[in-house]
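Given next are the chains, with one letter for each unit.
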Amino acid sequence: MDFLKTRYTPMNRRRRIYEGKAKVLYEGPEPGTLIQHFKDDATAFNAKKHEVIDGKGVLNNRISEYIFQNLNDIGVPTHFIRRLNMREQLIREVEIIPLEVVVRNVAAGSLAKRLGLEEGTQLPRSIIEFYYKNDALDDPMVSEEHITAFGWANPQEIDDIMALAIRVNDFLSGLFLGAGIRLVDFKMETGRIWEGDMMRIVVADEISPDSCRLWDVKSADKLDKDRFRRDMGGLVEAYQEVARRLGILGEAENVTAGGPRLVQP
Ligand code: TMP
């Protein structure tokens, strides 16, 4: 994974805390805060497939900001504080729970494959799945038994995570439907925050077309990272369409490099 080391040397003295496949975390301006930087890197199949897609990071920063700000506003706690610039947002530092929480409304991807379902089949109800976040193991699916036995989260925390996942799913389904988009499935991550003696679980990481399956309601066109996973092309155009429909991007806003740009903090 050479690309994790090469292109993102910070230009100032900010301390880099962590670099992942699509984002970098830097030390924040105050204790308990971090800066989350969105890169243009796209990876799939645990980074066996990798490409730099000009403009993706800017779009995901904006789309994720919009979703997390709305979640905060309806009382679903998240790590998000505010966007700082085109590629960065200020977040609260959390202790990441090492689980990928996937919520599915429609059969697609690995579920369709595993159970032999036709992609696009409406599921009898929303289904929550857990995957253990571990690149070396390719993020294997795990059950609540594994999660509690290995101490990744306790039963109360699993209940809290599932309640959050359902609220996020309900909110996102409605948000996207209003924009003519079907929320097929999505992945979210959670983390622990301590406030004195109190611990709270909040939604963390990002929610963007990188981590959701989004299909146009009418045409079933894919407006998400499957365009990259399945070599369909047009990824930035699709993400731009999602942003446009959510009313996030003005028509004239340029997300790709080249030429001076207006930065609106
Ligand atoms: P899957 O069908 O491949 O299991 O993916 C389910 C959802 O989770 C889909 O919206 C894509 C998202 N996802 C991620 O965000 N990161 C991942 O590493 C994987 C495998 C899926």
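Everything numeric in this text was worked out from a predicted model, so none of it was measured. (Residues numbered from 1 in each chain as written. Predicted model: local features only at pLDDT ≥ 70, side-chain atom pairs only at ≥ 80, totals over all residues. Heavy atoms only, no water.)

Caption draft 1: Expanded view of the pairing of strand β3 (residues 33–38). Within β3, six of the six residues are buried, which leaves the element mostly enclosed by the surrounding structure. Where burial is concerned, the two faces of β3 agree: the one with Thr33, Ile35 and His37 and the one with Leu34, Gln36 and Phe38 are both buried. Two strands pair when backbone bridges link them, and strand β2 (residues 23–27) and β3 are joined in this way by five bridges, in the antiparallel orientation. Bridge pairing links glutamate 27 to leucine 34 in β3. The pairing of β3 with strand β7 (residues 88–92) spans five bridges and is antiparallel. Among the inter-strand pairings, threonine 33 is bridged to a residue of β7, identified as arginine 92. (Buried < 20%, exposed > 50% of the residue type's maximum accessible area, 1.4 Å probe, protein only. Helix = DSSP H or I, 4+ residues; strand = E, 2+ residues; numbered from the N terminus. Pairing = 2+ DSSP bridges.)

Caption draft 2: Spotlight on the side chain of glutamate 19. Structurally, glutamate 19 can be placed in strand β1 (residues 16–19). A distance of 2.7 Å separates polar atoms of two side chains, one belonging to glutamate 19 and the other to arginine 16. Engagement of the side chain of glutamate 19 in a polar contact is seen with the side chain of lysine 39, the distance being 2.7 Å. (Polar contact = N/O pair within 3.5 Å; in protein donor to acceptor, adjacent residues only side chain to side chain.)

Caption draft 3: Structural view of the sheet that holds strand β6 (residues 80–83). Spatially, the five strands line up as an open sheet ordered β1-β2-β3-β7-β6, and their pairing is antiparallel. Of all strands in the sheet, those with a lone pairing partner are β1 and β6, marking the two edges. When strand polarity is set aside, the average angle formed by the axes of neighbouring strands in this sheet is 25°. Inspection of the sheet shows β6 paired to β7 by three bridges, in the antiparallel sense. Counterpart to phenylalanine 80 in the pairing with β7 is isoleucine 91. Strands β3, β6 and β7 of the sheet are contacted by helix α2 (residues 56–73), whose axis makes an angle of about 135° with β6. (Axes fitted to C-alpha atoms, helices over the stretch in contact; angles between N-to-C directions. Contact = heavy atoms within 4.5 Å.)

Caption draft 4: Here's a closer look at the UniProt feature "domain: SAICAR synthetase/ADE2 N-terminal" (unreviewed entry) in the chain. The positions that UniProt labels "domain: SAICAR synthetase/ADE2 N-terminal" (unreviewed entry) are, in the present scheme, residues 17–245. Helix makes up 30% of residues 17–245 and strand 35%, and the two end C-alpha atoms of the span are 34 Å apart. (UniProt positions renumbered as here; feature names shortened; annotations may be inferred.)

Caption draft 5: Summary view of the site of the ligand. Every one of the 15 residues lining the ligand counts as a neighbour, but Arg104, Ser110, Asp185, Lys187 and Arg213 are closest to it. Note that an oxygen atom of the ligand is positioned 2.8 Å from one of the side-chain N or O atoms of arginine 104. At 2.9 Å from an oxygen atom of the ligand is found a side-chain nitrogen or oxygen belonging to arginine 213. Burial of the ligand by the protein amounts to 77% of the accessible area it has alone, namely 450 Å². Taken together, the elements giving at least two residues each to the shell around the ligand come down to β9 (99–106), α3 (109–115), β12 (181–195) and β14 (212–216). By residue class, the composition of the shell around the ligand is five nonpolar, three polar and seven charged. (Near = heavy atom within 4 Å. Areas by Shrake-Rupley, 256 points an atom, 1.4 Å probe, with all protein chains shown as cover. Nonpolar A, V, L, I, M, F, W, Y, C, P; charged D, E, K, R; others polar.)

Caption draft 6: Up close: the packing of α2 against helix α7 (residues 235–245). With their axes 10 Å apart at the nearest point, α2 and α7 run at an angle of 20° to one another. With respect to α7, the element α2 is oriented roughly parallel. For the pair α2 and α7, the sense of crossing is left-handed. Of the residues in α7, those touching α2 at Lys56, Leu59, Asn60 and Ile63 are Leu235, Val236, Tyr239, Gln240, Val242 and Ala243. (Parallel < 35°, antiparallel > 145°, perpendicular 65-115°, else oblique. Left-handed = near helix turned anticlockwise from the far one by under 90°.)

Caption draft 7: Quick peek at α7. Along α7, the residues that are buried comprise Leu235, Val236, Ala238, Tyr239, Val242 and Ala243. The buried residues of α7 all sit within an arc of 165° when viewed along its axis, so they share a single face. Residues of α7 that are buried sit in contact with α2, α5 (155–177), β12, β14 and α6 (226–229). Glycine 247 occupies a position one or two residues after α7 and carries a positive phi of about 75°. (Arc of directions from axis to C-beta.)

Caption draft 8: Structural view of the pattern of salt bridges. This model, assessed by the stated rule, comprises 31 salt bridges. Of the charged contacts, one joins glutamate 119 and arginine 230 as a salt bridge, the two residues approaching to 3.0 Å between their closest N and O atoms. Linking glutamate 119 in the loop between α3 and β10 (122–132) with arginine 230 in the loop between α6 and α7, this pair joins segments that are 111 residues apart in sequence. On the accessibility criterion, arginine 230 (36% relative accessible area) is partly exposed. A salt bridge links arginine 213 to aspartate 185; the shortest N-O distance between them is 2.8 Å. (Salt bridge = Lys/Arg side-chain N within 4 Å of Asp/Glu carboxyl O.)

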